[in-house]
Amino acid sequence: MLKVENLHAGYGSSEVLNGVSLHVKPGQVVALIGANGAGKTTTMRAISGMIRPTSGSVLLDGKAAQGMGAARIARIGLAHAPEGRKVFGPLSVEDNLLLGAFSRLPHFFGFHRKAEEELQRVYELFPRLLERRGQAAGTLSGGEQQMLAIARALMAKPKVILLDEPSMGLAPVIVQEVFNIIRRLKDAGITLLLVEQFAKSALEVADYAYVMEHGQIAVEGTPAELNKNDRVLAAYLG
Amino acid sequence: MNIEIIAQMVVSGALMGLVYALIAYGFQLTYATSKSINFGQGELVMLSAFFSLTLLNIGVPYWLMVPGGLLFGAALGLLVERAGVRLALQQKSEGWILLTIILGLLGFSSAENIWGRDDRPFPTPISSDALHVFGINITPLEISVAIGVFAIMGLVELFKRNTLLGKAFEAVSADRDAAELMGISATRTIMLSYGLSGMVAAMAGILISPITTVGPTMASALILKAFAVAVVAGLDSGFGVVLVGIVLGALESLTSFYIGSGWREAPGLVLLILALAVRPNGVFGKATIRKV
């Protein structure tokens, strides 16, 4: 579904990614783990077009996506819930959700009716958001904002969701809740690329995982394989 | 001092102030999406007024001229974005300041060449026979200015709140990167904001022309005051501009009546300097909070 090959990218003249390759198959949850500064978030940003890769390829459902702007990549079916959540603070929860489906909906009138079904589904998954649908997104708690960021990505009915550090800055109880959500998304057959600091929890939900070091994939394998890898154990799962 | 004279001054000043507010509102629209404004906005007001006058002269009825003039203003706004602002924003430079000033100068010389330097009257079917309301003289023409200002601002706000494209506009203002991730093109949204801003400027021109006449320099004083209003209220203050516009307009007419007409421009400039020194984000502006 998502195939990344030999991706190079960076900021200005400093290169952060030195040839990253990874593969997310349909219906899979794939985890990308690694230390701070290894290039996990940069990988996500280069895939979704927030930064332009300098070379390499990104195939989304067989279509070449590298070099396109973020808006175009989103329109062909990639939803990126970015690091730091980035909800639209002054807008209501429901407006945030509707904007998540921007490329599928009519731009002037009738968009609400057309989004109704998807809204129901998302509210079922996140009842808290239904309670707060009229509230400005900026007034939600960190955990609620994370739920909103995930829900907003779901609204696009994307082919793949990139989920960057969903547990960042959240209380341990809320982190558990976030991982429960990810598990439910997985059961619903959603294809997911997940970047996480909590490597252990990430490996519990993932079908496959990549470990990044210095802008490259250092190790990859199923969670069971990585759990047996001494180096990975010592560095990330200890 | 006569209370009726003061009231009269305040009302007619406030009506003028609404036009400042309308132009300032146009600044806000583009500032929201792109953190840039058109320094040639006064020329947009003037060119749209000339164009509307031409429409009237070739026999277009007044009520058809209005949408025609607004469309022309929107087109000019798009032109400013495409030919100036976008080039600078793509390079993340502040070059839009100079580029919009240059485009404004270009517009100014074009107007002089096409329509000449003379001020011309702008015919209107709306009466300027004064009505007496609570001892204050007010003309239907002046009332039409107030109605026009609120109508166009109301329309733009309705668009922003009730259409998905309008919400996308707000999303780009709130977080441009995140909006792009939803498939919302920031470039197109910025274009849209310049189109709307141009339309608002044209409305200001159409509303004010019957009172001030139309000429190449008609908007130069107007635009300075609109700047003062935008800065004093804050470029992200929403309807704060209306309040500041009304106050400034009233102050101006009181100043010119009691101190001397030569001092008419003083309150705007003093307010502008005060605001820049004391509250750079504006009275109603949100202070920028930088998160690390």
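What comes next concerns the included structure. (Residues numbered from 1 in each chain as written. Chains lettered and ligands numbered in written order. Predicted model: local features only at pLDDT ≥ 70, side-chain atom pairs only at ≥ 80, totals over all residues. Heavy atoms only, no water.)

Two orientations exist for strands paired in a sheet by backbone hydrogen bonds: parallel and antiparallel. Residues and elements named next belong to chain A. Strand order across the open sheet formed by four strands is β2-β1-β4-β5, with antiparallel pairing between neighbours. Only two strands of the sheet have a single neighbouring strand rather than two, namely β2 (14-24) and β5 (63-64). For strand β4 (residues 55-60) and β5, the ladder comprises two bridges, and the chain directions are antiparallel. Counted as the bridge partner of L60 is K63 from β5. The sheet contacts of helix α1 (residues 40-48) involve β1 (2-11), β2 and β4, and relative to β1 the element is tilted by about 110 degrees. (Pairing = 2+ DSSP bridges. Helix = DSSP H or I, 4+ residues; strand = E, 2+ residues; numbered from the N terminus. Contact = heavy atoms within 4.5 Å. Axes fitted to C-alpha atoms, helices over the stretch in contact; angles between N-to-C directions.)

Here we take up the interface of chain B and chain A. Of the residues lining the interface, 21 residues belong to chain B; the matching set on chain A comes to 25 residues. For the chain B and chain A pair, buried surface summed over both sides reaches about 2,000 Å², with 73% attributable to carbon and sulfur atoms. Contact with chain A buries surface across chain B, with L164, L181 and M182 of chain B losing the most and accounting together for 37% of the total. Our count for the chain B to chain A interface comes out at two salt bridges. D175 of chain B is paired through a salt bridge with K86 of chain A; the nearest N and O atoms lie 3.4 Å apart. At the junction of chain B with chain A, the criterion picks out six residue pairs in polar contact (both at pLDDT 80 or more). Elements that contribute at least two residues to the side of chain B that touches chain A include exactly α5 (140-162), α6 (164-174) and α7 (176-181) of chain B. Sorting elements by how many residues they give to the side of chain B that touches chain A places α6 of chain B first, with seven residues. Broken down by class, the residue content of the side of chain B that touches chain A amounts to 11 nonpolar, four polar and six charged. (Buried area = accessible area lost by both parts, 1.4 Å probe. Salt bridge = Lys/Arg side-chain N within 4 Å of Asp/Glu carboxyl O. Polar contact = N/O pair within 3.5 Å; in protein donor to acceptor, adjacent residues only side chain to side chain. Nonpolar A, V, L, I, M, F, W, Y, C, P; charged D, E, K, R; others polar.)

Attention now goes to the sheet that holds strand β7 (residues 160-164) of chain A. Residues and elements named next belong to chain A. As summarised here, the arrangement of the six strands in space is β6-β7-β8-β3-β9-β10, forming an open sheet in which the pairing is mixed. Two strands in the sheet have a free side with no partner beyond their single neighbour: β6 (78-81) and β10 (216-221). The sheet shows a mean angle of 20 degrees between the axes of neighbouring strands, direction not considered. Where strand β9 (residues 208-213) lies against β10, five bridges are found, and the strand directions are antiparallel. Along β10, the bridge assignment pairs V211 with V219. Packed on one face of the sheet, helix α10 (residues 230-237) meets β3 (29-34), β9 and β10 and runs near 75 degrees to β9.

Okay, unusual backbone geometry next. All names here are of chain A. At K86, a residue that is not glycine, the phi angle is positive and equals roughly 50 degrees. One can find K86 in the loop between β6 and α3 (93-100). Of the residues examined, K86 reaches a relative accessible area of 24% and is grouped as partly exposed. The phi dihedral of K157 falls on the positive side, at around 45 degrees, and the residue is not glycine. Counting through the fold element by element, K157 comes out in the loop between α6 (142-155) and β7. (Buried < 20%, exposed > 50% of the residue type's maximum accessible area, 1.4 Å probe, protein only.)

Here we take up the packing of aromatic side chains. Per the counting criterion, the structure on display carries 10 aromatic pairs over all chains. For the ring pair Y208 of chain A and Y210 of chain A, a centre distance of 5.3 Å and an interplane angle of 65 degrees mean the geometry is edge-to-face. A ring pair is formed by F39 of chain B and W96 of chain B, whose centres lie 6.0 Å apart and whose planes are at 20 degrees; its orientation type is stacked. Here F39 of chain B is found in the loop between α1 (3-34) and α2 (41-57), whereas its partner W96 of chain B is found in helix α4 (residues 96-115), with 57 residues between them in sequence. (Phe/Tyr/Trp six-rings, centres within 6.5 Å; stacked < 30°, edge-to-face > 60°.)

It is worth spelling out the environment of F122 of chain B at this point. Residues and elements named next belong to chain B. Among the structural elements, F122 can be located in the loop between α4 and β1 (131-133). On the basis of relative accessibility, which here comes to 5%, the residue F122 falls in the buried class. C-alpha separation for the pair F122 and T213, spaced 91 residues apart in sequence, amounts to 5.8 Å. Not counting the four nearest positions on each side in its chain, F122 is found in contact with A49, S52, L53, L56, Y62, M65, I206, S209, P210 and V214.

The subject of this paragraph is a nonpolar patch on the surface. A grouping of I5, F257, Y258, I259 and W263 of chain B is seen on the molecular surface, where their side chains present a nonpolar patch of about 520 Å² in accessible area. Inspection of the secondary structure assignment puts F257 of chain B in helix α10 (residues 240-258). (Patch = residues over 30% accessible without salt bridge, like charges linked within 9 Å, V, L, I, M, F, W, Y side chains within 5 Å. Areas by Shrake-Rupley, 256 points an atom, 1.4 Å probe, with all protein chains shown as cover.)

This brings us to the pattern of salt bridges. Within the structure shown, the criterion is met by 18 salt bridges over all chains. Across the pair E118 of chain A and K157 of chain A runs a salt bridge, and its minimum N-O distance is 3.7 Å. In this pair, E118 of chain A sits in helix α4 (residues 111-125) while K157 of chain A sits in the loop between α6 and β7, placing the two residues 39 residues apart along the sequence. E81 of chain B serves as the salt-bridge partner of R86 of chain B, at 3.1 Å between the closest nitrogen and oxygen. Accessibility expressed as a relative area gives 2% for E81 of chain B, which makes it buried. Overlapping salt bridges, with partners in common, bring together E117, E118, R121 and K157 of chain A in one network.

With that settled, consider the nonpolar core. Residues and elements named next belong to chain B. Counting 75 residues, the largest nonpolar core has L22, I23, F27, Y62, M65, L70 and V241 as its most contacted members. Counting residues per element, this core draws most heavily on helix α8 (residues 186-212), at 12 residues. Dropping the residues within four chain positions of it, L22 is found in contact with V149, I152, M153, V200, M203, A204 and L207. (Core = buried A, V, L, I, M, F, W, Y, C linked by side-chain atoms within 4.5 Å.)

Every buried residue of α6 of chain B is listed here: L164, G166, K167, A168, F169, A171 and V172 of chain B. Against α3 and α4 of chain A together with α1, α5, α7 and α8 of chain B lie the buried residues of α6 of chain B.

All names here are of chain A. Within the secondary structure, S167 sits in the loop between β7 and α7 (172-187). A polar atom in the side chain of S167 sits 2.9 Å from the side chain of E196. Among all residues touching S167, those that are not within four sequence positions of it are V175, E196 and F198.

All names here are of chain B. The contact between helix α3 (residues 62-90) and α8 brings their axes to 6 Å, and the two run at 140 degrees. As judged from the angle between their axes, α3 and α8 are oblique. As for how α3 packs across α8, the hand of that crossing is right-handed. For the contact of α3 with α8, the per-class residue count stands at 16 nonpolar, six polar and two charged. (Parallel < 35°, antiparallel > 145°, perpendicular 65-115°, else oblique. Left-handed = near helix turned anticlockwise from the far one by under 90°.)

That is the geometry; function is a separate question.
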